[in-house]
Amino acid sequence: MFLLTDSLHHQAVLAGDDPVTAKRIGRSNLLAIHAFTGAQDEGALALLRALHREVLQAG
């Protein structure tokens, strides 16, 4: 979980204030999460909630 959170943080820095880049990075990450976990929509949402909590605790 830490590696994914760290990766997302670094990608966010790279996107900066560019919403198009941020959207592409986000979409790519969501597709990767879906592919790696084989999650259905509910499972993907639970994983994203867990990531959200992890990021808030790290900050």
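Residues numbered from 1 in each chain as written. Predicted model: local features only at pLDDT ≥ 70, side-chain atom pairs only at ≥ 80, totals over all residues. Heavy atoms only, no water.

(A) The overall build of the protein, seen in detail. Each helix and strand counted, the protein has three helices and zero strands in total. Overall, the protein shows an N-to-C arrangement of helices and strands of α-α-α. Across the 59 residues of the protein, 12% fall into the buried class. Entry remark: accessible area of the protein is about 4,800 Å², with carbon and sulfur atoms responsible for 62%. (Helix = DSSP H or I, 4+ residues; strand = E, 2+ residues; numbered from the N terminus. Buried < 20%, exposed > 50% of the residue type's maximum accessible area, 1.4 Å probe, protein only. Areas by Shrake-Rupley, 256 points an atom, 1.4 Å probe, with all protein chains shown as cover.)

(B) Quick look at the confidence of the model for the protein. Mean pLDDT over the protein: 76, with 86% of residues reaching 70 or higher. Taken element by element, the protein is modelled with least confidence in helix α3 (residues 41-58), mean pLDDT 74, and with most confidence in helix α2 (residues 19-37), mean pLDDT 78. (pLDDT = per-residue confidence, 0-100.)

(C) Quick look at a nonpolar patch on the surface. A contiguous nonpolar surface patch, about 240 Å² in accessible area, is contributed by Leu30, Leu45 and Leu48. The residue leucine 30 is located in helix α2 in this model. A relative accessible area of 45% places leucine 30 in the partly exposed class. (Patch = residues over 30% accessible without salt bridge, like charges linked within 9 Å, V, L, I, M, F, W, Y side chains within 5 Å. Salt bridge = Lys/Arg side-chain N within 4 Å of Asp/Glu carboxyl O.)

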